[in-house]
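# Breakdown of the fold
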Amino acid sequence: MRSGFASSSDFSRAFKQTYGFSPRGFSRDRLLQESKIRQDLMANAWYGFGKLPDPRNPDRFRVRLVDRPAQRIAYERVIGSFDWQRLLAGFDRLMAWGRRRGLVPGTELIGRPFDDLDITPMKKFRVDWCLVLPPGHEADGDVSIGLIPANRFAVAHCAGDLHKEDRAWKHLFHAWLPGSGYEPTGEPAMEVYRRSPVELGWKTFDNACCLPVRPLRRR
C-alpha cells in the first residue's frame, strides 16, 4: 500500500500481468527463468546477472562509509545505455561540452544508473553521465543540470572489467548490506571514476561504487 496499490488483490493482479505468475509463486529462480520479461532480459545474461556473490569475497572488496556533500552536476542521459555506440555518444557529447567550458580534464566524472539490470531490459536501461560543476559555474542549455543530494554512501573500490564491477555491486547489496545496519535511501547509486575510462581504453575501469544508505529504521 505504501507503493500505491489500493489492496493486496490489486498488487497481485498487476504482478501477474507483468511477470506471468502470482506473488505467491515468486522465487528468484522462477523470475529469471519463467517470467514474461525473460526474453527481454536474456540479452543481459552475458553479464552474469542472477548470480549471488561468493561469500568468501575472493575479490577482497572492502566497504567503507563516506559522507559526500551535495553536488551540482551537468549531465547527459542515455536510454538503452548498453548499446555501446549510444553510451559512448552520450559520453562524448558531455565531454565535448565540458572541454568547451574548461571543465575537462579536471572535474569529477560520475555515472548514475537508474535501473536494475536484473529486471530491466537493456533497451530501457537509463544512465546519466555527470560532470560535477564548480561552485558558481553557470551552465548553458546544451546539457541538463541537476543536483546529487548530500548523502552517506557505502563505497567499494573496484579496479577491473565489467564482470568485476558487477561483482562489486552484488557484494554491496547481497553480502555487505544485510548485516550492516543500513538500508538504501532510494536515491540512484553512482560510479565515481577515479581514472577516465578513455585513459583505460573502456576495457577496464577504476571506479568507486557508491550506494546511498541510511541507518536501518527499526519497526
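Below is a summary of the structure that appears in this document. (Residues numbered from 1 in each chain as written. Predicted model: local features only at pLDDT ≥ 70, side-chain atom pairs only at ≥ 80, totals over all residues. Heavy atoms only, no water.)

## Points about the overall build of the chain
When you go through the chain residue by residue, the secondary structure sums to five helices and nine strands. Going from the N terminus to the C terminus, the chain shows its helices and strands as α-α-α-β-β-α-β-β-β-β-α-β-β-β. Per-residue burial for the chain yields a buried fraction of 42% across its 219 residues. Here the chain has roughly 12800 Å² of accessible surface; of this, 51% comes from carbon and sulfur atoms. (Helix = DSSP H or I, 4+ residues; strand = E, 2+ residues; numbered from the N terminus. Buried < 20%, exposed > 50% of the residue type's maximum accessible area, 1.4 Å probe, protein only. Areas by Shrake-Rupley, 256 points an atom, 1.4 Å probe, with all protein chains shown as cover.)

## Some words on the side chain of R68
Looking at the secondary structure, you find R68 in strand β1 (residues 63-68). Only 2.9 Å separates the side chain of R68 from the side chain of Q71, close enough to count as a polar contact. If near-sequence neighbours (up to four positions away) are discounted, R68 is found in contact with E108, I110, A150, N151, F153, M190 and V192. (Polar contact = N/O pair within 3.5 Å; in protein donor to acceptor, adjacent residues only side chain to side chain. Contact = heavy atoms within 4.5 Å.)

## So, unusual backbone geometry
Residue P105 is reached from V104 by a cis peptide bond, and omega for that bond is 0°. Along the chain, P105 turns up in the loop between α4 (84-100) and β3 (109-113). Backbone geometry places R60, a non-glycine residue, at a positive phi of 60°. Tracing the chain through its elements places R60 in the loop between α3 (38-41) and β1.

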